[in-house]
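# Descriptive analysis of the structure
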Amino acid sequence: LLYCMVPLAYPRSPRGPSIGDIPHFMAVPFDGTNDGLVPGEPFKCASPAAAIAHAQGLWKIFGHAGAVALIRTGHPVADTTVLRGFGNVPVDLPD
């Protein structure tokens, strides 16, 4: 696993960043079934680079149909940004 610590610039507030301001970097594998592509268990990563490397490993090494690296921010409604996709991944990601 690759862990790179990247300093993040959070908006300054007296109480610190709110839960909606904290980015979560994740790698999500996808597997093919008779019903199409289904997501596997998301894996939390320490940085965007770690999420990309882990997603690539899920696809190439572990043999999933595909994987994506993404960032999720916001609570209770999450805003998702795809960093990179590998292999077969759905066009619209499930929540």
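The preceding data block contains the structure.
Here goes a summary of the coordinates provided. (Residues numbered from 1 in each chain as written. Predicted model: local features only at pLDDT ≥ 70, side-chain atom pairs only at ≥ 80, totals over all residues. Heavy atoms only, no water.)

## As for the packing of aromatic side chains
The geometry of an aromatic ring pair is captured by two quantities: the separation of the ring centres and the angle between the planes. This is how the line gets drawn: Paired rings are identified among Phe, Tyr and Trp, the last through its six-membered ring, by centres lying within 6.5 Å, and are further divided according to the angle between planes into stacked (under 30 degrees), edge-to-face (over 60) and tilted (the rest). Numbering of helices and strands runs from the N terminus, with a helix taken as a DSSP run of H or I at least four residues long and a strand as a DSSP run of E at least two residues long. Remark: exposure states derive from per-residue accessible area (1.4 Å probe, protein chains only) relative to the maximum for the residue type, with buried under 20%, exposed over 50%, and partly exposed in between.
Here the structure, examined in full by the defined rule, presents one aromatic pair. Ring geometry for tryptophan 59 against phenylalanine 86: centres 6.0 Å apart, planes inclined by 25°, an arrangement best described as stacked. Of this pair, tryptophan 59 sits in helix 1 (residues 48-60) while phenylalanine 86 sits in strand 5 (residues 79-87), placing them 27 residues apart in sequence. Assessed through its relative accessible area of 30%, tryptophan 59 is described here as partly exposed. Using a relative accessible area of 4% as the deciding quantity, one classes phenylalanine 86 as buried.

## Let's talk about the environment of valine 28
Rules: A contact between two residues is defined here by any heavy atoms of the two lying within 4.5 Å.
As for its placement among the helices and strands, valine 28 is situated in strand 1 (residues 24-33). In this structure, the C-alpha to C-alpha distance between valine 28 and glycine 66, residues 38 residues apart in sequence, is 8.6 Å. Residue contacts for valine 28: discarding those within four places in its chain leaves Pro39, Gly40, Pro42, Leu58, Gly66, Ala67, Val68 and Leu70.

## Comments concerning the nonpolar core
Cut-off, in case you're wondering: Remark: nonpolar core denotes a set of buried residues (Ala, Val, Leu, Ile, Met, Phe, Trp, Tyr, Cys) joined through side-chain atoms within 4.5 Å.
Residues Phe25, Ala27, Cys45, Ala50, Ala51, Ala55, Leu58, Ala67, Ala69, Ile71 and Phe86 constitute the largest nonpolar core, which totals eleven residues. Contributing elements (two or more residues each) for this core: strand 1, helix 1 and strand 4 (66-73). When residues in this core are grouped by element, the largest group, four residues, is from helix 1. Listed in part, the five residues of the second largest apolar core include Met26, Val28, Val68 and Leu70.

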